[in-house]
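# A structural walkthrough
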Amino acid sequence: MRAIHYREIEGSGGFWALVGLLALLLAAGLTAAYFMEHIGHIITGMTNQVVWGMPHVFAVFLIVAASGALNTASIASVFGRVAYKPLARLSGLLAIALLIGGLAILVLDLGRPDRLGVAMTHYNFRSIFAWNIFLYTGFIAVTGCYLWVMMERRLNRHSRTVGTVAFLWRLILTTGTGSIFGLLMARKPYDEAIMAPMFIVMSLAFGLAIFILVLMAACRAGARPLGEATLMRLKNLLGVFAAGLLYFLLVFHLTKLYEAKFFGAEAFILWSGGPYTVLFWFGVVFLGGVLPMLLFWLPPTRRSRAAVGWGSASVVVGGLALVYDIIIGGQAWPLSIFPGMQVSSSFYDGVVGFYAPSLPECALGLGGCALALLITLLGLKLLPFLPETLADEGN
Amino acid sequence: MRDRPVILGGLALLLLLLTAPFWHDALSHTGGALPAIPRAKGAHCVRPAAWMRKNHMKLLMRVRYEAVHEGIRNRQESLPGCLGCHVSKLADGKYPSVRSRKFFCNACHEYVGVRIDCFSCHSNRPVSGAGIVAQSGGEAPPAAPAAIGNPAIVPPRRAGGSSTALRGREAPWRWL
Amino acid sequence: MTGRPAAPRDTGHLVDEGRRRFLGVAAVSALVLAPGVSLLAYAEEQGGKQGASARTRWGLLIDTTKCKSSCTACVTACSSYNGWKNEGRPTDPQWIRKVQVTDPETGLSRSVPVMCQHCAKAPCVEVCPTGASFKRADGIVLVDRHICIGCRYCMMACPYKARSFVSEEISGQKPWAPRGKGTVEGCTLCVERIDAGQVPACVQACAREGSGAMTFGDLKDPASAISRALAEHPSLQLRADLMLDPGVQYQGVP
């Protein structure tokens, strides 16, 4: 086992162009947040029917992916798979970057973001949100420590311990994120305990997909050879996670279909919901699961590096579609205050909630993504996160 | 060594910025003059002025917690109660805008540069019987609670001074 | 202790007294930290003003057989008293609304006023991260809009869509009903009126201009009008299957 040398990537014209572009996106997001805070949420598409919109789709996606991005490092430190060790530092950096991006979106979308201090000092511990505040900020701290013991040679012997803490922390964190929806008994599309483990599998899939894309891009930008063995290993793992996600979705929807009271909500997502149905079958099932598995394992493409990239991108798109369906599709389906009855009122009772993403919301969401990528890029530039080579040994 | 001018210059700038609260008065157009606080109605406030200057926030926080969480509503010690004495119509017959220096709270708060956002939600007008009908556009809504903001109802002075009322009585959530 | 004269050891005796006093004060302070005792202490300080008490539980009983579809007295009264307006936009607040409920099988249709149900086990209270959504001792569920950060999780959690989010700047608020952009609001059961011994605005309007369908009172008092009405005729809670024990109950809902 040869020693791994890590090195910062060098800046180049392309690098700084990308940084500039991301900074512009971030500025757009901050501008959107400014107007949302000053004028109010009236400029967004969020209403009293659909109270969480695109910002939350992006934020939840980023936070779920952040937890999963750390998986590669966990496999190395906690499960002792030496082959993943060179990837561990980048994994940690990406986890922190994605989480900060997601949190930034959430905080800036609050109705009163100026009351963040209140949120930090007043806690209702029966609320999963309150726990999540600790879990998210703690995750940054724990992963920071993890990176530190990985990067400081004298502390390397603590990698296993800190890595295990980080691993358990992210399981609890993702369970908490899934429980935000899973514990809501008021809404038919939610109210399922399986959402917690489903979110964990989602995190594994989305996090690894983003990790692969960032790894491939970083190796190309830094002129680091990326060995076939490493890439194929990651590809197979992502295929397994995508299959796992399809399995959880199957169990989730089958369970709901079995109960008569959930039938209406399920029918809405699965066949009568218009855009939500299209997003589910084409976005989530096909792009998020079936296509990646085909690309990763069918003979014509299974050795292709491009296929790995496209497959990962497909998982990311499918992941966004899934989070959109969960958050927005779940709110669009009307509350059933009078089960079995037809209802109508001046407050949109009984009708499917209308929602269309607005520019400020998308700008804010993309701004958060840009922030995550900026942190990753600048981290790669300033500190040695990327190994000098990831070529296969013995080549 | 050739960076020394830059470093020293940066340090000087930092020092200047950190001491800004002490010298910026010389630059301000009021020349550092104390704010002109509008006169209030009535003989005296619910607390001595010196005490209020220092502790009004604590009083407001306690009254806020009691009123919202415990339903203990003391007419004189409430935001409308304060406004009842401290806010009057201007010469043109209108109430002062929250952002203007003629508004009682803002007169000091603008001077010290501490933003208050009470009035993003709370009405900045005193409430009175006749005022309610006029403010609601002519049609009288169901009767407002009788004594909110009524300056005529003054609670008895607490024995033992007002500071005892605050010590150790902070709302439970304040302990975090 | 035996055989020794009990010589007065002044300093030792005083120190013991001091220790006992310290322990006593410490114990009492610990007790005073318990909210219940400090509430009582507050009450004494306030000269007898007790505030909300758990001895009461406010409730509302609505007899929808008396509700006419065309009558919106309760909605109008609430909106003019509290200062909110619903002009039909999806972002407009609505603290109380009339829901036209029709049984598709029989065609029976009733107009049902729906507002915050003031549940004993309110999900909105459980999910609020800062504790801004809270239940008062007397059962009224409120939003402390000083602490609300506008995350809207309570709106996700409420089974009755009772809450609204204020999406734009507001001006001209009623002095007794502060409300502002960026926070969540809903029916307060006219808490400041209840504290002053009056009934909620909707109940008063229903009695004066509507058909007297609403009864308001103390659910814990067996002699109150609402308790007697509940004991005499069957009533139901909305979404009773969720076991939230709302304080608002209905009669005659299809």
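Our subject is the structure listed above.
Presented here is an overview of the structure given in this document. (Residues numbered from 1 in each chain as written. Chains lettered and ligands numbered in written order. Predicted model: local features only at pLDDT ≥ 70, side-chain atom pairs only at ≥ 80, totals over all residues. Heavy atoms only, no water.)

## Some thoughts on the overall build of chain C
Inclusion rule: In this description a helix means any DSSP run of H or I spanning at least four residues, a strand means any run of E spanning at least two, and both kinds are numbered starting from the N terminus. We call a residue buried when its accessible area falls under 20% of the maximum for its residue type, exposed when it is over 50%, and partly exposed in between, using a 1.4 Å probe and counting protein chains only. Note on definitions: a residue-residue contact is assigned when non-hydrogen atoms from the two residues lie within 4.5 Å. Note on areas: Shrake-Rupley with a 1.4 Å probe; residue coverage comes only from the protein chains shown.
For chain C, the count of helices and strands is 8 helices and 9 strands. By residue count, 54% of the 254 residues in chain C fall in the buried class. Here the analysis covers contacts within chain C between residues at least 6 apart in sequence; of these, 59% occur between residues at least 24 apart. As displayed, chain C has an accessible area near 11,300 Å², and 58% of this comes from carbon and sulfur atoms.

## As for the pattern of salt bridges
Here is the rule: A carboxyl oxygen of Asp or Glu within 4 Å of a side-chain nitrogen of Lys or Arg is what we treat as a salt bridge.
Counted according to the given criterion, the structure contains 25 salt bridges over all chains. With a closest N to O distance of 3.1 Å, Asp109 of chain A and Arg152 of chain C form a salt bridge. You can see Asp109 of chain A sitting in helix H4 (residues 88-109) and its partner Arg152 of chain C sitting in the loop between strand S5 (141-143) and helix H5 (153-157), one on each of two chains. Judged by relative accessible area, Asp109 of chain A falls into the buried class, the value being 2%. By relative accessible area, Arg152 of chain C is classed as buried at 2%. With a closest N to O distance of 2.8 Å, Glu185 of chain C and Arg179 of chain C form a salt bridge. Judged by relative accessible area, Glu185 of chain C falls into the buried class, the value being 0%. For Arg179 of chain C, a relative accessible area of 6% puts it in the buried group.

## Brief notes about helix H11 (residues 275-297) of chain A
One turn of an α-helix holds 3.6 residues; hence residues three or four places apart share an orientation. Worth spelling out the cut-off: Bend, in this description, refers to the angle at a residue between axes fitted to the seven residues ending there and the seven starting there.
Of all the bends in H11 of chain A, the greatest measures close to 50° and is centred on Phe286 of chain A. Those residues of H11 of chain A that sit buried are Tyr276, Thr277, Phe280, Gly283, Val284, Val285, Leu287, Gly288, Gly289, Pro292, Leu295 and Phe296 of chain A.

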